[in-house]
Amino acid sequence: MDWPIAEVARMSGVTARTLRHYDEIGLLPPARIGANGHRYYEEDQLLRLQQILLLRALGVGLPEVGRILAEQVDEVDALRGHHRQLLAERDRLDALASTVSRTIAELEQSRKDGSPMSINRPENLFEGIQPSQYQESLADFPEHAEEVARRVAVMTPQDIEAGQRERTAQMIRLAELMAAGHPADAEPVQAEVDARYRLLIQLRTVSAEEYRAIGRSCVDNSAWRAAYEAIAPGLAAYQRDAIEAYAATRLG
């Protein structure tokens, strides 16, 4: 039995565009290409796609995914290894959720008391956060990911930490706005989205449609969605909707 690319996209949550990209780079060729030019996949390809998505969810880049799949011998042993990594990733996301939850609680308490937030252990703010995963979340946008990789390669540890702090702050601010009941197109939310867009275009030009696609990846990209949902349920869709509103009203 085989499945057309549209059905594989539906089952896996991976876009047809991404599946075609996987084929083009030799990572996941289809079982056959029909007379109509459509790609068709069989069980072997579905199992390989599962492994690709597991590795991507663990933050592994596409070149490394290809190397791992080329070198592995036994599928069961490989899946056992992926399972161990997923359990470790689950623990990391639990730590991340606890980190952000604790920070939100401390911010709310400081506002209630009318006093500045006191951080006794600043390292707690970053427990469970891995900077490389933010770069991996752009893997479906190769040109942008390449530019990010070039920038990261020349960054100092201090620069990376500063960026990490800002991303943490952005995630918290967005979660707070959602918790406060602001709709995705409200001005405070749009101001946050505008700030993020301006950071993106410091790297390269990002069109309205590409920014929309990045917004959709908040939900469609499993690793990205898991990171947002670990902070607050519904946050991934909230950011997607906020970006869509921004692109429609400010980017045309």
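Structure first, text after, so check above.
Below: a short report on this structure. (Residues numbered from 1 in each chain as written. Predicted model: local features only at pLDDT ≥ 70, side-chain atom pairs only at ≥ 80, totals over all residues. Heavy atoms only, no water.)

**Some points on the overall build of the chain**
Along its length, the chain carries 12 helices and three strands. Split into buried and exposed, the 252 residues of the chain put 41% on the buried side. For the chain, restricting intrachain contacts to residue pairs at least 6 apart in sequence, the fraction spanning at least 24 positions comes to 64%. For the chain, the computed accessible surface area is about 13,700 Å², with 53% contributed by carbon and sulfur atoms. (Helix = DSSP H or I, 4+ residues; strand = E, 2+ residues; numbered from the N terminus. Buried < 20%, exposed > 50% of the residue type's maximum accessible area, 1.4 Å probe, protein only. Contact = heavy atoms within 4.5 Å. Areas by Shrake-Rupley, 256 points an atom, 1.4 Å probe, with all protein chains shown as cover.)

**With respect to helix α1 (residues 5-12)**
Residues of α1 that are buried include every one of I5, V8 and A9, and no others. Axial view of α1: buried residues confined to an arc of 100°, hence all on one face. Looking at α1, the residues exposed on the side facing more than 90 degrees away from the buried face are A6 and R10. Residues of α1 that are buried make contact with β1 (3-4), α2 (16-24), β3 (39-41) and α3 (43-57). Backbone geometry just downstream of α1 places G13 in the positive-phi region, at approximately 80°. (Arc of directions from axis to C-beta.)

**Re helix α9 (residues 187-200)**
Taking 1.5 Å as the rise per residue, α9 with 14 residues should run 20 Å; its terminal C-alpha atoms sit 20 Å apart, in good agreement. Taken together, the buried positions of α9 are V189, Q190, E192, V193, D194, R196, Y197 and L200. (Expected span 1.5 Å × (residues − 1).)

**Observations concerning the packing of aromatic side chains**
According to the stated counting rule, one finds three aromatic pairs in the structure shown. Considering the side-chain rings of Y197 and Y246, the 5.6 Å spacing of their centres and the 50° angle between planes classify their relative orientation as tilted. Of this pair, Y197 sits in helix α9 while Y246 sits in helix α12 (residues 235-251); the two residues are 49 residues apart in sequence, bridging distant segments of the chain. Y246 matches Y197 in its accessibility class, with the two residues each being buried. Aromatic rings pair up to connect Y197, Y211 and Y246 into one cluster. In this structure, R32 packs its charged tip against the face of Y40, placed 4.2 Å from the ring centre. (Phe/Tyr/Trp six-rings, centres within 6.5 Å; stacked < 30°, edge-to-face > 60°. Lys NZ or Arg CZ within 6 Å of the ring centre and 35° of its normal.)

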